[in-house]
Number of protein chains: 2
Amino acid sequence: MQKHVDLEQFVVIDETAPLTAKTHGGRAKCLQRLVRLNLPVPLTVALPFTTVRAIATGMQVDTDAILKNFGERPLVSVRPSSEDPDWGGPGAILNIGMNDARHAEYANLLGHEAADELYARFVQTYSVEVAHLDPDSFEFDVADSAALQEMLAAYEDEAEEPFPQDPTRQLRDVLRSMARAWEGTSARLLRQARGAPDDAGLGLVVQRMAPGLGPPESGSGVIQFVSSETGMPQITGRYLSQAQGRDALEDEGAFYLTVDQRGKSLEEIYPEGFDKLVEFGAACRQRLREEMQIEFTLDGGELSVLDAVRVQRSSQAAIRIAVTLAEDGVISREEAVLRIPPGGLQEMMHRRIDPSAPRDVLARGVAASPGAATGRLKFTSAAAQAAAAQGEPAILVRRETSPEDIRGMHAAMGVLTMRGGMTSHAAMVARGLGLPGIVGASTIHYNRKDRTITAPDGRVFAEGDLVTIDGTTGSVLAGEVALLEPALDDMFRTLLDWADEFRDIGVRANADTVEEAQVALTFAAEGIGLCRTEHMFFEEDRLTVMREMIFAETADGRAAALDRLVPMQLSDFTRLFQLLDGKPVCIRLFDPPLHEFLPQTREGMRELADALDLPLSKVTRRVDALAEFNPMLGLRGVRLGVTMPEIYDAQARAIFMATVEVTTEDNPVIPEIMIPLVSARREVELVQGRIEAVAAEVRTKTGVDFRYRLGVMVETPRGALRAGEIAAHASFLSFGTNDLTQMTYGLSRDDAGRFMSDYVQQGVYPEDPFHRLDVDGVGELLKLGADRGRAERPNVTLSICGEHGGDPDSIAFCREAGFNYVSCSPFRVPVARLAAAHLAIADLSPRS
Amino acid sequence: MQKHVDLEQFVVIDETAPLTAKTHGGRAKCLQRLVRLNLPVPLTVALPFTTVRAIATGMQVDTDAILKNFGERPLVSVRPSSEDPDWGGPGAILNIGMNDARHAEYANLLGHEAADELYARFVQTYSVEVAHLDPDSFEFDVADSAALQEMLAAYEDEAEEPFPQDPTRQLRDVLRSMARAWEGTSARLLRQARGAPDDAGLGLVVQRMAPGLGPPESGSGVIQFVSSETGMPQITGRYLSQAQGRDALEDEGAFYLTVDQRGKSLEEIYPEGFDKLVEFGAACRQRLREEMQIEFTLDGGELSVLDAVRVQRSSQAAIRIAVTLAEDGVISREEAVLRIPPGGLQEMMHRRIDPSAPRDVLARGVAASPGAATGRLKFTSAAAQAAAAQGEPAILVRRETSPEDIRGMHAAMGVLTMRGGMTSHAAMVARGLGLPGIVGASTIHYNRKDRTITAPDGRVFAEGDLVTIDGTTGSVLAGEVALLEPALDDMFRTLLDWADEFRDIGVRANADTVEEAQVALTFAAEGIGLCRTEHMFFEEDRLTVMREMIFAETADGRAAALDRLVPMQLSDFTRLFQLLDGKPVCIRLFDPPLHEFLPQTREGMRELADALDLPLSKVTRRVDALAEFNPMLGLRGVRLGVTMPEIYDAQARAIFMATVEVTTEDNPVIPEIMIPLVSARREVELVQGRIEAVAAEVRTKTGVDFRYRLGVMVETPRGALRAGEIAAHASFLSFGTNDLTQMTYGLSRDDAGRFMSDYVQQGVYPEDPFHRLDVDGVGELLKLGADRGRAERPNVTLSICGEHGGDPDSIAFCREAGFNYVSCSPFRVPVARLAAAHLAIADLSPRS
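Summarised in this report is the structure supplied together with it.

### Topic: the overall build of chain A
In step 1: Each helix and strand in chain A was counted, giving 35 helices and 30 strands.
In step 2: If you line up chain A on its principal axes, its C-alpha atoms span 105 × 60 × 60 Å.
In step 3: Here chain A, with 848 residues, has 58% of them falling under the buried criterion.
In step 4: Here chain A contributes 87 positive and 125 negative side-chain charges, whose respective centroids are spaced 6 Å apart.

In structure tokens, the structure reads:
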């Protein structure tokens, strides 16, 4: 029982036909635009999504009526026309209408060989793609003279009927097979992976064939006017005489387009056609407001434009094309900004593995810090530093890194660890440094003693062996692999400057050191949103003092040790304030648990006992006493600030003295001091009291007045819930979404690596909540915290400073929640700036 | 500039005087009640709180007017009258009005010696307590004949004036000094520690002295009619001839009250007076509805009742007194239930250290599990078991316990660890077993090798040495200390049965084993609210199978190992269901991280490698791979259930087979299965699907139909926030407040011990949030979760199963939030039942 589709089954594409990309697909719409440009587009009929969907469910379309549009005995092609060309679709089918009678006509017209090939090509495609017969039976070279007859016989044999001769039946079958292919599971998964919605529709376009065969000059080709790699003006493409379809372009006998010493070119053999194409390209650029690749045929010298699609492009090319179009007045700056997907910027900012290079992947880990690097395996920080000193690139390999490895990481080209996840020490430091990093590569066996690693396949790599790591994908590769350099050109800067014109939420960077801050400024961060101060206690000379502090018996003893750190930190902060030159710097007070400062090995403890002149038993006892079951949830952050207030006192002193040092009347430094891990109002009150006292002391001592802002890092669920009363004592609230996510889920990021991919695959989490802000859970706490904070203190500054700060979806969330700024790692700053601009522009001119 | 207090400065206590405990204090009110009972109370004037507060601020009261009530030349006493007698107050001052003139009169009346003593006593008290002169100058034996003159001289010398002779001035000074004492810091702290509010007031009562001196029989005494220890009827007290005040009672020459072979008794020497007192006692009991201790004097044979106070009582006595009063119809059952503070029950359920015994505290730790025990130090589980086998009580000492120590803990009388906090393994197991436990005794040095511990003072205790631990206070004591046995008598049961009549929220117990469930039933728990199943995998024979499971390479291999555990677990569940006999049992599926099942020492790993016939390197690698940075936030709970579903499958199979085994038509078993650590809806869906499949399989295989309930343990902040969508798949939500508190604060309970006391002392947290539910933060999540769960599924069962389940404030919170039940450790069940009854009764008859 088949039903007929009666109304608006199809439409002939002319200038006024009622067509949209959302109903008939992008290709149909684009063809209409080409028609409006008066380009020589062969007659085309468009089937809307509704018709194609009806066909897939078994309804019949009036193919006779379609074919009537093309006059008598037409040959036609059918091509897919989905809403977004990126979503794919079934392959084009050409030469529909070919049969014994047409074959005879073509034999007269073009000769037997050409006619045979044309018919054979159609029989082959129809049998395999439409009739779904065994492809093996149709594996013939269509140029072979016997192919046609053998395939016609094979068809009859397998399909138990002669090859269909009726063009209306041929077309009906073609349309049905293409409609059904779109509904197939693999097509569905593929397009969904590319961002298509569940109900994405397929349109089809039926077009009169321009065969591309016959004298004087016939053939087919594609042409584009910019480079897909760079976006620079450059005519590229191929043309093949006596050929049809895109496949022909792979033929070695194809011509170049412009005059070329390597072989024949279209420009030479048919300059009029070439000039026309260049003209068409310019028209497309101007009127379609895009760089298009044009598919064309020549038929006896007559040019047809079969189709035009957006030029494929790298991120770098995309930026140049957009900026150039805007500079030429073809599109607006908003439009140029909107055309660049923020995520695409990321790859440009790091070296990457040449996609065409061969690769020998020996293991995979967590892709912790993007970018690729080649270097020699080094198993200690000292070895990595030594290598760097000799100009030899090193990849630092550790089971996991500790603060003692920071110098080694600075020296290395990349870092590889066997343990840890996205917030492990190695991952955080690597991202901060912009250093390619892979962590948690647990399938690699690490042999500390022999200084080797064993790959899962048994291969052993020793110190000094060359490897390449790809922190963007998490792959560890054997040997040296060709890398592509980052491409941060003027176009990139121009685009981001334009983005800033529209952006309405601030973007700062997380930067701990002057070096990182420098990178942040290069990417035009508006300030530092998170300056972690831990590293200031880990550097070699300071670590010893820190350890003395830890072993001091009294508050006075601790204060005395810390006093010795003040001058060093004063110099750190001074350099930072000078560099930032008035831009805000938000300094997070000391956060890590003290045991991170103590050695964990027996040897380390023995050395420490010697250094501090203490009995070993005392050292081991203290190390034991400070060990924690769950360091993430232990004695750190403001808890240390409350129970050992000397640490924050010393930090505040250094910050205020640096403030006095750098501040001038015209350009006052107003440091922002942030208290970590707050879960109760009283914690803030206690720290506030001490810090105010230190400020008063520094003001008195120096005779210089200064202001500062005290705020809270909201990173516990309770901190978010109590944000109201906390805001009463805080001029800003910065949400630390890393820890907040960990605590909201009860999920340690370092330990989640073992099952996260399983969880995402099974759809337990739609995405890794450490990459994409969990809007439902963590997001609710953010909103709630923001609302309560603002209710108590309307002018409280709100921001996020977790890893999510650079994620476009998370930025959208923060913007909607009315946050003042986001802070992310320096290398994410451009992404954040662009993503924020997109959001603002979308709000300005809502698109349908 | 002193001001006068004019209005209502005082009131004479008669039957109709407008007096309340809230305005004049409990003593004044009680005296009025005694007056109403027609007891011979000497004339008394009551000063309300307002007057006393005014006096303290320097205003003057008209003492002349007060004294006029007592006729000419009276001697009076002043006693404190705070709202609640437990809040303390300044000591009584007697014989006000005594001066040279009265001294002469008394010398005539009673003889010089008595008169001298009376006057000397007043001068001494007045000089030290009222005039605040140097106490050393008044250190005289008042019975000494020279004392009076020396003290008068000393007064004149120090105060630079003669001893004040004017009774109105004497009284004024006494009142002022008592009023000011109440406002002093130490008095304030003391009463606040006893639960008094900031603005607690003090009343004072001025009473005519009944001197207790002179012939034929004069003296003073106290009498009560029940034992303070047991609450059984028993006349107790002392009487001292020719004496006044309570102090005299400590005199060795005091009489017994009832006939006593040890010495003279009031009953013998003055039977009429004795009979009257017994009559007074009965009147008080009937009319004041309380067992009272009566303070009385005899003056020449005339009986006066100076005061009556509630009999001091142990918790055990309190229960017997309340129950007996209710059984006698004197008070209602509600009243009896309300009179017992729930917290007081706790001490009765465990052995405790005899408060009168001498104690040698060698260290303190976290009071992790209440009760006291004496035993010999044993440093391994094996040693503790060996000792137990010989009937020798052992205290198991470990740095920290692991599941392998469970047998040792079962065998021991108590457990002591150097590490961990209230949720450490040792603490949890000890509470479950009702075993006295101290954890985190970090000042003790643990010498594993020599099997000794060293106390902070340097004393060393070796294996086999006797110690006593007091898990109620956290004290570790040297040697054996006298212990009092728990007192769970019929009265206790009666009271709790009455409590259950009023209670309107369920009380279940957390019980993991049949033994714990037995205890829970003894305390009349209504079911098991949390049955953790981990222990079922830790027992010796099972541990090996578990380890095989962990080392299996495939899901099939894991399933095969787990299959071998099913029969053992089937028997565990069968016994549990049989014991509970239809009462609900809520079984929590497997929760701990797998690394808890693996050895952590090199030797252990070597043994395991041998046992499993695996290379040592493979074992160490697996142990390494499973280690976690923050186990609390790692791969455990439902995360294991999702990624290694074989574990839950096996558990569900055992539960369902036990259900089939025990269920009968009349008494079906409906097991409750609880999924731990849920943070996302999809986790529940996935587990639900698998469990339903197992149920179907068991139904098919056995041919028996059964029902079960699947629910979720809400213990992550996200679980609470998403309780709505989670409840769509859960017939109950049980809030695990331990983990929820940890994650909401970002605070590991095991690691918080190091700074918790500091935090509570500084007021950062008003209380340890692991003891008292944090209503502001965790409580908001509970409410939010409960509301959202119920909005989605109105009949969802709501409960809490964390440690807070037994805390009265937390029960109040849950009751208000409409929870169906609380679940707590078995030994907290009586506390919870009583606390819940209090709340329900309070709602029935709101008290002013």
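### Details of the nonpolar core
In step 1: Ranked by size, the top nonpolar core spans 283 residues in total, and within it Phe656 and Leu733 of chain A together with Phe656 and Leu733 of chain B carry the most contacts.
In step 2: Once you skip the residues sitting within four places of it in the chain, Phe656 of chain B turns out to touch Ile673, Ile691, Val694, Ala695, Val698, Phe706 and Tyr708 of chain B.

### Considering helix 17 (residues 425–433) of chain A
All names here are of chain A.
In step 1: Within helix 17, burial applies to Ala426, Ala427, Val429, Ala430, Arg431 and Gly432.
In step 2: At its buried positions, helix 17 is contacted by strand 12 (366–369), helix 16 (406–411), strand 15 (414–417), strand 16 (437–439), helix 19 (514–522) and helix 32 (749–761).
In step 3: Directly after helix 17, the chain includes Gly434, whose backbone phi takes a positive value near 70°.

### Re the sheet that holds strand 2 (residues 44–47) of chain A
Residues and elements named next belong to chain A.
In step 1: Ordered by their spatial adjacency, five strands build an open sheet running 1-2-5-3-4, and the pairing between neighbours is antiparallel. Edge strands, defined here as strands with exactly one partner in the open sheet, are strand 1 (11–12) and strand 4 (93–96).
In step 2: Summarising the sheet, strand 2 and strand 5 (residues 202–208) pair through four bridges and their orientation is antiparallel. By the bridge assignment for strand 5, Thr44 is matched with Gln207.
In step 3: Running over the sheet, helix 2 (residues 26–36) touches strand 2, strand 3 (76–82) and strand 5 and is turned about 115° from strand 3.

### Considering the side chain of Asp470 of chain A
Residue and element names in this part refer to chain A.
In step 1: Among the structural elements, Asp470 can be located in strand 20 (residues 466–470).
In step 2: As a buried residue without a salt bridge, Asp470 has its nearest oppositely charged side chain in Arg359, at a separation of 4.6 Å.
In step 3: Separated by 3.0 Å, the side chain of Asp470 and the backbone nitrogen of Thr472 make a polar contact.
In step 4: Apart from the residues lying within four places of it in its own chain, the contact partners of Asp470 are Ile353, Gly371, Ala372, Ile438, Ser475 and Leu477.

### As for the pairing of strand 5 (residues 202–208) of chain B
Residues and elements named next belong to chain B.
In step 1: Of all the seven residues making up strand 5, six are buried; the element is thus mostly covered by neighbouring parts of the structure.
In step 2: Across seven bridges, the pairing between strand 3 (residues 76–82) and strand 5 is antiparallel. Along strand 5, the bridge assignment pairs Ser82 with Leu202.

### Comments concerning the sheet that holds strand 9 (residues 302–310) of chain B
Residues and elements named next belong to chain B.
In step 1: Taken in spatial order, the four strands line up as 7-6-8-9 in an open sheet, and their pairing is antiparallel. Edge positions in the sheet fall to strand 7 (233–241) and strand 9, since each of these pairs with one other strand and no more. Geometrically, the sheet is characterised by an average inter-axis angle of 20° between neighbouring strands, direction not taken into account.
In step 2: Strand direction decides the pairing type here: strand 6 (residues 219–226) and strand 7, joined by seven bridges, are antiparallel. Pairing of Val226 across the sheet is with Pro233, part of strand 7.
In step 3: Sheet strands touched by helix 2 (residues 26–36): strand 8 (292–299) and strand 9. Its angle to strand 9, the strand with the most contacts, is close to 135°.

### Some words on the relation of the copies chain A and chain B
In step 1: The operation relating chain A to chain B is a screw motion whose rotation component is 179°, with 0.2 Å of axial translation and a residual RMSD of 0.3 Å. The superposition operator between the copies reduces to a two-fold rotation axis. Within chain A, the C-alpha atom positioned nearest to the axis of rotation is that of Asn630 of chain A, 2.2 Å from it.
In step 2: The share of interface residues of chain A whose copies in chain B are also at the interface is 100%, consistent with both copies meeting through the same surface.

### Focus: helix 19 (residues 514–522) of chain B
Every α-helix carries 3.6 residues per turn, so stepping three or four residues along brings you back to the same face.
All names here are of chain B.
In step 1: Turning to helix 19, its buried residues number three or more, namely Val514, Glu516, Ala517 and Ala520. Taken around the axis of helix 19, the buried residues stretch over an arc of 155°, which confines them to a single face.
In step 2: Summarising the contacts, the buried residues of helix 19 are in contact with helix 17 (425–433), strand 23 (506–510), strand 24 (528–532) and helix 23 (566–580).
In step 3: Looking one or two places after helix 19, you find Ala524, whose phi comes out positive at around 65°.

### Here's the deal with the interface of chain A and chain B
By a frequent convention, interface size equals the accessible area lost on bringing the separate parts together.
In step 1: The interface is formed by 54 residues belonging to chain A together with 54 residues belonging to chain B.
In step 2: Across the chain A/chain B interface, buried area totals approximately 5100 Å², and carbon plus sulfur atoms make up 52% of it.
In step 3: Of all residues in chain A, the largest losses of buried area upon contact with chain B belong to Phe629, Leu633 and Arg754 of chain A, amounting jointly to 14% of the total for that side.
In step 4: At the surface where chain A touches chain B, the tally comes to eight salt bridges.
In step 5: Across the pair Glu780 of chain B and Arg788 of chain A runs a salt bridge whose closest N-O atoms are separated by 2.5 Å.
In step 6: Here chain A is connected to chain B by 28 residue pairs in polar contact (both at pLDDT 80 or more).
In step 7: Where the side of chain A that touches chain B is concerned, the elements lending two or more residues are helix 25 (616–626), helix 26 (638–643), helix 28 (681–702), helix 29 (717–721), helix 31 (737–745), helix 32 and helix 33 (778–792) of chain A.

Each value, and the rule that gives it
- Residues numbered from 1 in each chain as written.
- Chains lettered and ligands numbered in written order.
- Predicted model: local features only at pLDDT ≥ 70, side-chain atom pairs only at ≥ 80, totals over all residues.
- Heavy atoms only, no water.
- Helix = DSSP H or I, 4+ residues; strand = E, 2+ residues; numbered from the N terminus.
- Buried < 20%, exposed > 50% of the residue type's maximum accessible area, 1.4 Å probe, protein only.
- Lys, Arg positive; Asp, Glu negative; His and termini not counted.
- Charge placed at Lys NZ, Arg CZ, Asp CG, Glu CD.
- Core = buried A, V, L, I, M, F, W, Y, C linked by side-chain atoms within 4.5 Å.
- Contact = heavy atoms within 4.5 Å.
- Pairing = 2+ DSSP bridges.
- Axes fitted to C-alpha atoms, helices over the stretch in contact; angles between N-to-C directions.
- Salt bridge = Lys/Arg side-chain N within 4 Å of Asp/Glu carboxyl O.
- Polar contact = N/O pair within 3.5 Å; in protein donor to acceptor, adjacent residues only side chain to side chain.
- Least-squares fit on C-alpha atoms with pLDDT ≥ 70 in both.
- Arc of directions from axis to C-beta.
- Buried area = accessible area lost by both parts, 1.4 Å probe.

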